[in-house]
Amino acid sequence: MAALADPTRRAILSRLAHGEATVTELAAPFAITMPAVSRHLRVLEQAGLVRRRQDAQRRPCRLDTAPLRTATAWLRELVTEAGGGAGGRSAENSRPLDPAPDDAP
């Protein structure tokens, strides 16, 4: 989840959802340096969200959706346990998910 917290990394993932791209191609829309883009890619690789492969002189990056599918399934389960809908918790499941420190015994 920490890898997804940064808007630049989310934009990189959105671009990769449309197909492979090189670091140069990924860096084009951003006003940041190539080393900064490489650092973002390294974070995404460490999170298992991006893979690189060797293609002659190129090292294209691609999105790996498996971790996103796992996180999505977990989030759906969490929402279901919390009572589902847009309004939050259901009446039968009205206890807070995470009690505030003042609520502790």
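Reading the values: the criteria
- Residue positions are given per chain, counting from 1 as you read along its sequence in written order.
- Local features are withheld for residues below a pLDDT of 70 in this predicted model, meaning they are given only at 70 or higher, and side-chain atom pairs are given and counted only at 80 or more; totals for whole chains, interfaces and linings count all residues.
- Processing note: side-chain calculations cover all non-hydrogen atoms of the structure and skip hydrogens and water entirely.
- The way it works is that DSSP assigns letters per residue, a run of H or I at least four long becomes a helix, a run of E at least two long becomes a strand, and they are numbered from the N terminus.
- One less than the residue count of a helix, multiplied by 1.5 Å, gives the span that helix is expected to have.
- Nonpolar core, defined: a set of buried Ala, Val, Leu, Ile, Met, Phe, Trp, Tyr and Cys residues in which side-chain atoms within 4.5 Å join the residues together.
- Each residue's exposure class comes from its accessible area (1.4 Å probe, protein chains only) as a fraction of the maximum for that residue type: buried when under 20%, exposed when over 50%, partly exposed otherwise.
- Contacts are assigned to residue pairs with any non-hydrogen atoms lying within 4.5 Å of each other.

**Q** How should helix H4 (residues 66-81) be read in this particular structure?
**A** Given 3.6 residues per turn, any residue in an α-helix points the same way as the ones three and four places further on. Taking 1.5 Å as the rise per residue, H4 with 16 residues should run 22 Å; its terminal C-alpha atoms sit 23 Å apart, in good agreement. Gly83 sits one or two positions beyond H4 and adopts a positive phi of about 110°.

**Q** What is the right way to look at the nonpolar core in this model?
**A** A general tendency of soluble globular proteins is for nonpolar side chains to be buried together. With 15 residues, the main nonpolar core has Ile12, Leu16, Leu26, Leu41, Leu44 and Val50 as its most contacted residues. Where this core is concerned, the elements lending two or more residues are helix H1 (7-16), helix H2 (23-27), helix H3 (34-46) and strand S2 (61-63). Sequence-distant contacts of Leu44, defined by excluding residues within four places in its chain, comprise Ala3, Arg9, Ile12, Leu13, Leu49 and Val50.

**Q** What's the story with the side chain of Thr8 in this structure? I'm lost.
**A** Note that Thr8 resides in helix H1. Each residue touching Thr8, except ones within four places of it in the same chain, is listed here: Phe30, Ile32 and His40.

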